[in-house]
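# Chain and residue survey
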Amino acid sequence: MIGPKSKIARLLFSGLAVLAVAAGASAQGGIGSGFTPGPAGSTSAPLEVNNRMGTVMVYLRTEDGQPLPLKLTPIVRIRSSAGGAALDNFPTRTGEGWLFSQIGVDNNYDVLVRAEGYLPAVQPVKMPDTPGVAQSVIVFMHPLDQQLAFHPPAGQFILVPKAAKEVQNALHDLQYGHISSGEKHALKAVQISPSNPYAEYVAGLTYLLTNRFKEAKPYLEKSVSIDSTQAPALTALGTVRYQLGDSAGAALVLSKAVQLDPTLWKSQWILAAAYLNENKYQEALDHGNEALRLGKQKANQVKLIVAQAEARLGQRS
């Protein structure tokens, strides 16, 4: 009735795809050619003709194409695609971009960008064998998935220091695409604090992010059984149940998640999909529309669920 479940898994935790791109040093934002012209109306970078050098102008954009806010003070560096440390060249802030001068031609490079609240970005750029060449690239920055931010629990579920450190390391590794290392840290945290719902949640998350739903389920089930008041854990468990074909079970926990935090558009999305599978078309329509309202352009995939629910209800969109 709806699109493949794998699409929901990929998009629910969209940070995973970005992490994989960053880890593989491939282009972000769909820029497959490795370099693109600067934004319309921008001026060309000045040419450097000495010693077979060129320039690279870097433009930073958010997911929706807007300039990255300057208050974030991003760190922009460049290195040879062959690896190793970043070059000694530091960029000069020029208009809406960052200008690298004295970049050797006839070589491939990676532009590296870090900014608070965003995943690290890697954008390739090719410098052809043309002295004085001026290249420009656009780097699309993807916000850090809050599922991977460290939110230390308080109260009766506070983590002991060793477990907290392991959880923090696990989430840090997941942010930067080091899935295997993140998994090891998460499982270590569970060993140290076997009855802590947050440690169990993070362990389940490491499996969920790699589509190992059966492995994720027991950790998330235990997390929710210990503490059923955490919307992220409920959302993760609902996603796993949905992926495993248990739409009724998914709807049960996802409905609790959106009650706790109605602003979670991805929770609303999966809940709508689960209700659609359960032939609860009005509920699917209501939560699908809410997902669209909250997620805006990022929730375009929900339109299919809404259309299918409307068709079952005899409505026209």
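Residues numbered from 1 in each chain as written. Predicted model: local features only at pLDDT ≥ 70, side-chain atom pairs only at ≥ 80, totals over all residues. Heavy atoms only, no water.

Our next topic: the overall build of the chain. Summing up its helical and strand segments, the chain has eleven helices and seven strands in all. With 317 residues in all, the chain has 47% of them scored as buried. For the chain, contacts bridging at least 24 residues in sequence account for 62% of all contacts bridging at least 6. Per element, the accessible surface of the chain, about 15200 Å² overall, is 53% carbon and sulfur. (Helix = DSSP H or I, 4+ residues; strand = E, 2+ residues; numbered from the N terminus. Buried < 20%, exposed > 50% of the residue type's maximum accessible area, 1.4 Å probe, protein only. Contact = heavy atoms within 4.5 Å. Areas by Shrake-Rupley, 256 points an atom, 1.4 Å probe, with all protein chains shown as cover.)

To describe a pair of aromatic rings, you give the distance between the ring centres and the angle between the ring planes. The full count for this structure, using the stated rule, is three aromatic pairs. Ring geometry for Tyr207 versus Tyr219: centroids 5.7 Å apart, planes at 15°, classification stacked. Highlighted residues: Tyr207 in helix 5 (residues 197–208) and Tyr219 in helix 6 (residues 213–226), separated in sequence by twelve residues. Sitting above the plane of the Phe90 ring, Arg77 keeps its charged end 4.1 Å from the centroid. The cationic tip of Arg93 hangs over the ring face of Trp98; the distance from NZ or CZ to the ring centre is 4.1 Å. (Phe/Tyr/Trp six-rings, centres within 6.5 Å; stacked < 30°, edge-to-face > 60°. Lys NZ or Arg CZ within 6 Å of the ring centre and 35° of its normal.)

Now for unusual backbone geometry. Backbone geometry at Gln102 places phi at a positive 55°, although glycine is not the residue there. Take Gln102: its relative accessible area is 33%, and that puts it in the partly exposed class. Even without a glycine there, the phi angle at Asp106 is positive, about 55°. Using a relative accessible area of 51% as the deciding quantity, one classes Asp106 as exposed.

Right, let's talk about the sheet that holds strand 6 (residues 121–127) for a bit. Consider a sheet: its strands pair through backbone hydrogen bonds, and that pairing is either parallel or antiparallel. Taken together, the three strands give an open sheet; going across it, the order is 2-5-6, and neighbouring strands pair in antiparallel fashion. The strands lining the two open edges of the sheet, one partner per strand, are strand 2 (75–80) and strand 6. Ignoring which end each strand starts from, the neighbouring axes of this sheet average 25° apart. (Pairing = 2+ DSSP bridges. Axes fitted to C-alpha atoms, helices over the stretch in contact; angles between N-to-C directions.)

Relative to the helices and strands, Gln259 resides in helix 8 (residues 247–260). On the accessibility criterion, Gln259 (65% relative accessible area) is exposed. Sequence-wise, Gln259 and Ala231 are 28 residues apart; in three dimensions their C-alpha atoms are separated by 8.6 Å.

Enumeration according to the criterion identifies seven salt bridges in this entry. Here Arg52 and Asp129 are joined by a salt bridge, their closest N and O atoms 2.4 Å apart. One end of the pair, Arg52, is in the loop between helix 2 (15–23) and strand 1 (53–61); the other, Asp129, is in the loop between strand 6 and strand 7 (134–140), with 77 residues separating them in the sequence. Its relative accessible area of 45% is what places Asp129 among the partly exposed residues. (Salt bridge = Lys/Arg side-chain N within 4 Å of Asp/Glu carboxyl O.)

Before going further, it helps to spend a moment on helix 7 (residues 231–243). Here helix 7 contains 13 residues, and its C-alpha end-to-end distance of 18 Å stays within 8% of the 18 Å for a straight helix at 1.5 Å per residue. In terms of burial, helix 7 is largely enclosed, as twelve of its 13 residues are buried. Burial in helix 7 covers these residues: Ala231, Ala233, Leu234, Thr235, Ala236, Leu237, Gly238, Thr239, Val240, Arg241, Tyr242 and Gln243. (Expected span 1.5 Å × (residues − 1).)

In this structure, Gln308 sits in helix 11 (residues 302–312). Measuring from C-alpha to C-alpha, the distance between Gln308 and Leu285 comes to 8.6 Å, with 23 residues separating the pair along the chain.

Taken N-terminus to C-terminus, the directions of helix 9 (residues 265–277) and helix 10 (residues 281–295) make an angle of 160°; their axes are 8 Å apart at the nearest point. By the angle between their directions, the pair helix 9 and helix 10 is classed as roughly antiparallel. Read as a crossing pair, helix 9 and helix 10 show a hand that is left-handed. For the pair helix 9 and helix 10, contact is made by Trp265, Gln268, Trp269, Leu271, Ala272, Tyr275 and Leu276 and by Tyr281, Glu283, Ala284, His287, Gly288, Glu290, Ala291, Leu294 and Gly295, respectively. For the contact of helix 9 with helix 10, the residue count by class is ten nonpolar, four polar and two charged. (Parallel < 35°, antiparallel > 145°, perpendicular 65-115°, else oblique. Left-handed = near helix turned anticlockwise from the far one by under 90°. Nonpolar A, V, L, I, M, F, W, Y, C, P; charged D, E, K, R; others polar.)

Take Trp98: it is sitting in strand 4 (residues 97–104). Given a relative accessible area of 9%, Trp98 falls into the buried group. Along the sequence, Trp98 and Arg77 sit 21 residues apart, while their C-alpha atoms lie 9.6 Å from each other. With residues up to four places along the chain from it excluded, the contact list for Trp98 reads Val56, Met57, Val58, Leu60, Leu70, Pro74, Val76, Pro91, Thr92 and Arg93.

Here we come to the pairing of strand 5 (residues 107–114). As defined by bridge partners, strand 2 adjoins strand 5 across six bridges and the pair is classed as antiparallel. Looking across to strand 5, one finds that Val76 is bridged to Val113. With seven bridges connecting them, strand 5 and strand 6 associate as antiparallel partners. Residue pairing across strands places Val111 opposite Gln123, the latter belonging to strand 6. A loop of six residues connects strand 5 with strand 6, the two strands running antiparallel in sequence, and Gly117 in this loop sits at a positive phi of about 90°.

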